[in-house]
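# Observations on the three-dimensional arrangement
Each chain, letter by letter, is given below.
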Amino acid sequence: MTQISQTVSDLRASFDTGRTKPIEWRRAQLHRLKAMIEDNEGAILDALHADLGKSAFEGRLTETGTVLSEIDHALKHLKGWMRPARVWTPITAQPGRSMIRPEPLGVVLIIAPWNYPFNLMITPLIGAIAAGNCAVLKPSEISAHTSRVIARLIPEFMDTDAIRVVEGAAETARELLDQRFDHIFYTGGESVGRIVMKAAAEHLTPVTLELGGKSPAIVEAECDLGLAARRVAWGKFLNAGQTCIAPDYVLVQENAADSFIAGLKTAITEFFGADPKASPDYPRLVSDRHFARVRDLIADGAVAVGGESDAATRYIAPTVLTGIDPQSPVMREEIFGPLLPVLTYRSIEEAIAFVTARPKPLALYLFSNTKAVREKVLDETSAGGVCINDVVMHLAVPGLPFGGVGISGMGAYHGRASFDTFSHKKSVLVKSEWFDLPLRYAPFTAAKMKWLRRLM
């Protein structure tokens, strides 16, 4: 038995004892997770800076602070989430009462990506713990500093009979996927998502796939163009564009394009100064390979803002591209970097047709103050989530499930959705013995049929 298979076996044996099911265990582990972050936030933020060049502010905003808020939300609502839910019992099942009892799935695997390596590792873990599961955590080897911090801290703070970290590269991931889990939660790209789903099928293991895609932003001429540009620039260049729900391209109404691009340029300068390379607040691309891929995409358009790069530091300036061919590589693949193609449209129908002709995105952003336009876009497009007059911020609402649709993913998490993802909703009917309806038993007479038609 390999070390990985032994780890999974150990966790399964631990789960079978029932240790993770009581609310006391779940709450204690969530409190320990919170203490782990609060006591070691400096080390976590340092690791994020080493991996991605993230400032401490951005690390707190998008990683540690977000996770702490998610823990607090789970602790506040856990008792209610665990409570069985009564449902209506029809007359044909009377006398009786019906309920849905959430129960943990068992041993789950969580595979995290490199772009938000702490947040996207720990946030699913919160749901797994809240639902009462054992978990194997696989951090990304690309964000090596953060992976090492997670691997060091989890055994120090968490119940290692229930939660383990397995570090390694692709071969490790493949061996993990060969094991039988009760759920696999994967965040990353579409190509690896297919591998995960195929491996899960061997064991009929359910999966949650948080993927990505090309999330569009539609900007109407009548909106506050300066504010729209500022918010789009913030969401796009956050983490140097390495965000699965970053606006991947903008469709701006034709007569507003010049003003919007000018607003983008102003916002970039306000955020990062005249030379973003010198800004302590602007991150870097995660690897040489990723840098080279994104840099090559610049050639697909005319540079309206930015365009500079430095391979030695994996720096690519916040860049706005115009004159884009919709069939070019920058419009066919998810950019995952600080390049923002800006295209134009004449009517909202044209913008909607452009979006719906492409795979369903993880997020869609609309800047409009016209109710009819908002409703039209909501009715006629499909996306994992929608944010109107802002970008990215729908993630900050714990009551909104976060997940994709179609090629952008399946399943959802955050808040109650995380608990539900890692739970089985067990249906229970409790019947009374004081009355037994004879109608259902043979022989089936004409009189019984008459009563059956009245009841059903």
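Above this text sits the structure in question.
Secondary structure assignment for the protein yields 15 helices and 18 strands. Relative to the compact-globule value of 23 Å for 456 residues, the protein shows a C-alpha radius of gyration of 25 Å, a close match. Principal-axis analysis of the C-alpha atoms gives the protein an extent of 80 × 55 × 35 Å. Here the protein holds 456 residues, and 51% of them are scored as buried. Sequence-distant contacts in the protein: of pairs separated by 6 or more residues, those separated by 24 or more amount to 71%. For the protein, the accessible area works out to roughly 20,300 Å², and carbon and sulfur atoms hold 55% of it. Once the 50 positive and 51 negative side-chain charges of the protein are each reduced to a mean point, those two points are 10 Å apart.

What follows deals with the sheet that holds strand β18 (residues 423-431). Backbone hydrogen bonds are what pair the strands of a sheet, in a parallel or an antiparallel way. Sheet architecture is open: 3 strands sit in the order β1-β2-β18, paired in antiparallel fashion. The open sheet has two edge strands, β1 (85-87) and β18, and neither has a second partner. Shown here is a sheet whose adjacent strand axes are inclined to one another by a mean of 30°, direction ignored. Where strand β2 (residues 96-104) lies against β18, 9 bridges are found, and the strand directions are antiparallel.

Moving on, we come to the packing of helix α2 (residues 23-52) against helix α4 (residues 119-130). Running from N to C, α2 and α4 cross one another at 160°; their axes reach a closest spacing of 9 Å. Classified by the angle their axes make, α2 and α4 are roughly antiparallel. Contact residues: α2 offers Trp25, Arg26, Gln29, Leu30 and Leu33, while α4 offers Ile122, Leu125, Ile126, Ile129 and Ala130. Here the contact of α2 with α4 is built from residues that sort into 8 nonpolar, 1 polar and 1 charged.

Another point: the packing of aromatic side chains. According to the stated counting rule, one finds 10 aromatic pairs in the structure shown. With 5.7 Å between their ring centres and 65° between their planes, Tyr249 and Phe354 make a pair best called edge-to-face. Here Tyr249 is found in strand β9 (residues 249-253), whereas its partner Phe354 is found in helix α12 (residues 348-356), with 105 residues between them in sequence. With respect to burial, Tyr249 and Phe354 carry one shared label: buried. With a centroid separation of 5.8 Å and 40° between ring planes, the pair formed by Trp434 and Phe435 is classed as tilted.

Below, the discussion takes up the pattern of salt bridges. Pairing of side chains with opposite charge becomes possible as their charged atoms draw close. Evaluated as defined, the whole model comprises 24 salt bridges. A salt bridge links Arg152 to Glu156; the shortest N-O distance between them is 3.7 Å. You can see Arg152 and its partner Glu156 sitting in helix α5 (residues 144-157), 4 residues apart, about one turn around the helix. Here Arg152 falls in the partly exposed class, since its relative accessible area comes to 40%. With its nearest N and O atoms 2.8 Å apart, the salt bridge here joins Glu333 to Arg293. On the criterion of sequence distance, the pair formed by Glu333 in the loop between α11 (329-332) and β14 (339-345) and Arg293 in helix α10 (residues 288-297) is long-range, its members being 40 residues apart. Exposure remark for Glu333: the relative accessible area of 30% places this residue in the partly exposed category. Classification of Arg293 by relative accessible area gives partly exposed; the value is 28%. Ionic contacts of the salt-bridge type, sharing partners, join the residues Arg12, Arg180 and Asp182 into one network.

This next bit is on the sheet that holds strand β15 (residues 363-367). The strand order across the open sheet built from 7 strands is β10-β13-β14-β9-β8-β15-β16, with neighbouring strands paired in mixed fashion. Each edge of the open sheet carries a strand with a single partner, namely β10 (302-305) and β16 (385-388). When the angles between neighbouring strand axes are averaged without regard to direction, this sheet yields 25°. Bridge count for strand β13 (residues 319-322) against β14 is 3 bridges, and the pairing is parallel. Along β14, the bridge assignment pairs Leu321 with Pro341. Set on the sheet, helix α8 (residues 225-237) makes contact with β8 (216-219), β9, β13, β14 and β15; between it and β14 the angle comes to about 145°.

Once that is clear, we can look at the environment of His290. Position of His290 among the secondary structure elements: in helix α10. The buried category is assigned to His290, whose relative accessible area is 9%. C-alpha of His290 to C-alpha of Arg314: the two residues are 24 residues apart in sequence and 8.8 Å apart in space. Beyond its immediate stretch of four places on either side in the chain, His290 contacts Trp114, Gln242, Leu285, Ile335 and Phe336.

Right, let's talk about the environment of Ala128 for a bit. Within the secondary structure, Ala128 is located in helix α4. Here Ala128 falls in the buried class, since its relative accessible area comes to 0%. Between the alpha carbons of Ala128 and Val107 there is a distance of 9.2 Å; along the sequence they are 21 residues apart. Setting aside residues up to four positions removed in sequence, Ala128 forms contacts with Val108, Ile110, Asn133 and Phe422.

So, on to a nonpolar patch on the surface. A grouping of Ile91, Met449, Leu452, Leu455 and Met456 is seen on the molecular surface, where their side chains present a nonpolar patch of about 480 Å² in accessible area. Within the fold, Met456 resides in the segment after α15 (446-455). Since its relative accessible area comes to 70%, Met456 is described here as exposed.

Reading the values: the criteria
- Residues numbered from 1 in each chain as written.
- Predicted model: local features only at pLDDT ≥ 70, side-chain atom pairs only at ≥ 80, totals over all residues.
- Heavy atoms only, no water.
- Helix = DSSP H or I, 4+ residues; strand = E, 2+ residues; numbered from the N terminus.
- Rg over C-alpha atoms; globule rule 2.2 N^0.38 Å.
- Buried < 20%, exposed > 50% of the residue type's maximum accessible area, 1.4 Å probe, protein only.
- Contact = heavy atoms within 4.5 Å.
- Areas by Shrake-Rupley, 256 points an atom, 1.4 Å probe, with all protein chains shown as cover.
- Lys, Arg positive; Asp, Glu negative; His and termini not counted.
- Charge placed at Lys NZ, Arg CZ, Asp CG, Glu CD.
- Pairing = 2+ DSSP bridges.
- Axes fitted to C-alpha atoms, helices over the stretch in contact; angles between N-to-C directions.
- Parallel < 35°, antiparallel > 145°, perpendicular 65-115°, else oblique.
- Nonpolar A, V, L, I, M, F, W, Y, C, P; charged D, E, K, R; others polar.
- Phe/Tyr/Trp six-rings, centres within 6.5 Å; stacked < 30°, edge-to-face > 60°.
- Salt bridge = Lys/Arg side-chain N within 4 Å of Asp/Glu carboxyl O.
- Patch = residues over 30% accessible without salt bridge, like charges linked within 9 Å, V, L, I, M, F, W, Y side chains within 5 Å.

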